[in-house]
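# Structural overview for review
What follows is each chain in one-letter form.
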Amino acid sequence: MIQDSPALISAIRDRFAHVDTCPFQGPRVFFENAGGALTLKSVVETSAKYAAIPDNQGRDNPASHALVQTINTAKADLAVFMNAPSGQFFAGESGTELLFRVIRTACENAPKGSKVIGSSIEHPASRSAARRSAEKAALDYLNVPHNATSGLVTASDYAAVMTPDVSVATILHASPVSGMGMDVAAIATAIRDVSPNCFIIVDGIQHAAHGQLDIASYDIDAYVISPYKVFSRHGYGIAWISDRMTALPHDMLIGAPETGWEFGTRDTGAYATVSDVVAYFEWLGGEVSPETGRRERIEAAGAAIHAYETHLTNAMINGTGNLPGLRDMPHVTILGGADNPAREGLVSIVVKGMPSPDAVTYLNAQGIRTHTRKADHYSSNVLDPLGLSDCIRISMCHYNTEQEVAQLLGAIKELSETP
């Protein structure tokens, strides 16, 4: 696996821009991946290439034809990457904008007097969209309480709240605050056991960078990602929707094809960088397995990423070398508990006697980039039930190293000695 091959770790890191140096700060460890992952060098090159092309799609000239082919190739690559043999992919302004749009469409087409269900663990991108759209469509909103201690919501939690008249459901695949991944397939099954025709929409924005996407196994109707959190760049989001959601009446230009969901001319370069991301997963799968098929390599890459990130979070929690882990530091509390198998490359903590913004500033001065999550409109749903005003989010990806974890542990250990 990745942790057993220093040469592979070096090869992985070599494919990312600014992996160990900030262009403004200088040398630094990047543990702020949940706020936006590092960018593949190939994505940077592709973005520059397509930014220089003056032509648009839909014209009768060679450049325009090539751009259309680039977009079609990216959509086919996404279908392999996310294992989506049916439905369609389209781009929008951002992941949040796409979640609002697909949730709004589902609610507008829901039977009068039906219900919308979602969980308290969700990011406000889906939770706000569902509550607002339910209110506008005169639908009742059902809240599924998450387990504040574990940072999780489960299929049984949904089942306890489900009723046959639920017509729209939202699911968070992974939390950017607790760091825990939800069992989307099991939750979707619990929903459909009670309401078979429910439209199910998944926020996959936090999960995507950790691999292991498998839409065909989820039995859902929409899945949304933000490519800047999966090694691409800012400025767009990607949504997959099922054939039956595609067919719903939705916002569109008068007279436009009824199956079209995109607004205006999208950036061809954005689509092209999606292909770069998929190619990277294929490359990594070939390095960690003997597989030759595209989907099989992507699956192998996802499994290797998960295993390596688990290795890193275990080192952070349990210690590495002669450094104690976070669980052995009396001044540190770990959100979600030290032993939580649902964790996906993210550990959130609080430091006794020190506001999290101060700790983040201290770590940044040591060249370690982390982030403060405050009990505001983004994170209060997770922090308020724990009685916390803030926490320190330490988020990793598979290009991080155990040496970087050791650097972090040394700095956090010193915080107990900071007046």
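Everything below is about the structure shown above.
Nothing here was measured: the structure is a model prediction, and the numbers come from that model.

### Description of the packing of helix H4 (residues 95-108) against helix H5 (residues 124-136)
One can describe the packing of H4 onto H5 by two numbers: an axis separation of 9 Å at closest approach and a directional angle of 30°. Comparing the axis directions of H4 and H5 gives the class roughly parallel. For the crossing formed where H4 meets H5, the hand is right-handed. Where H4 approaches H5, its residues Thr 96, Leu 99, Phe 100, Ile 103, Arg 104 and Cys 107 are matched on the opposing element by Ala 125, Ser 126, Ser 128, Ala 129, Ala 130, Ser 133 and Ala 134. In terms of residue class, the contact of H4 with H5 is made up of 8 nonpolar, 4 polar and 1 charged.

### Digging into the packing of aromatic side chains
Inspection of every chain in the model, using the stated rule, returns 11 aromatic pairs. Aromatic side chains Phe 90 and Trp 261 sit 5.6 Å apart centroid to centroid with 35° between the ring planes, which places their arrangement in the tilted category. Here Phe 90, found in strand S4 (residues 88-92), pairs with Trp 261, found in the loop between helix H8 (243-246) and helix H9 (268-288); they are 171 residues apart in sequence, far enough to count as distant. Of the two residues examined, Phe 90 and Trp 261, each falls in the buried class. Arranged with centres 6.1 Å apart and planes meeting at 65°, the rings of Phe 231 and Tyr 399 form a pair that is edge-to-face. Pair noted here: Phe 231 is in the loop between strand S9 (222-225) and strand S10 (237-241) and Tyr 399 is in the loop between strand S17 (390-395) and helix H13 (402-415), with a separation of 168 residues, a long-range link. In terms of burial, Phe 231 and Tyr 399 fall into one category: buried. Taken together, the aromatic side chains of Phe 16, Phe 81, Phe 231, Tyr 280, Phe 281, Trp 283 and Tyr 399 make up a single cluster linked through ring pairs. In this structure, Arg 15 packs its charged tip against the face of Trp 283, placed 3.7 Å from the ring centre. Cation over ring: Arg 244 sits above Phe 199, and NZ or CZ is 3.9 Å from the ring centre.

### A word on helix H3 (residues 62-81)
Every α-helical turn comprises 3.6 residues, leaving residues that sit three or four positions apart pointing alike. Between its first and last C-alpha, H3 extends 28 Å over 20 residues, near the 28 Å set by a 1.5 Å rise per residue. At its buried positions, H3 is contacted by helix H2 (41-51), S4, S10, H9 and helix H10 (294-318). Among the residues of H3, the N-terminal cap falls to Asn 61, whose side-chain oxygen and the backbone nitrogen of Ala 63 are separated by 3.0 Å. Following H3 by one or two positions, Asn 83 has its phi on the positive side, about 55°.

What counts as what
- Residues numbered from 1 in each chain as written.
- Predicted model: local features only at pLDDT ≥ 70, side-chain atom pairs only at ≥ 80, totals over all residues.
- Heavy atoms only, no water.
- Axes fitted to C-alpha atoms, helices over the stretch in contact; angles between N-to-C directions.
- Helix = DSSP H or I, 4+ residues; strand = E, 2+ residues; numbered from the N terminus.
- Parallel < 35°, antiparallel > 145°, perpendicular 65-115°, else oblique.
- Left-handed = near helix turned anticlockwise from the far one by under 90°.
- Contact = heavy atoms within 4.5 Å.
- Nonpolar A, V, L, I, M, F, W, Y, C, P; charged D, E, K, R; others polar.
- Phe/Tyr/Trp six-rings, centres within 6.5 Å; stacked < 30°, edge-to-face > 60°.
- Buried < 20%, exposed > 50% of the residue type's maximum accessible area, 1.4 Å probe, protein only.
- Lys NZ or Arg CZ within 6 Å of the ring centre and 35° of its normal.
- Expected span 1.5 Å × (residues − 1).
- Polar contact = N/O pair within 3.5 Å; in protein donor to acceptor, adjacent residues only side chain to side chain.

Geometric descriptors of this kind do not, in isolation, establish any biological role.
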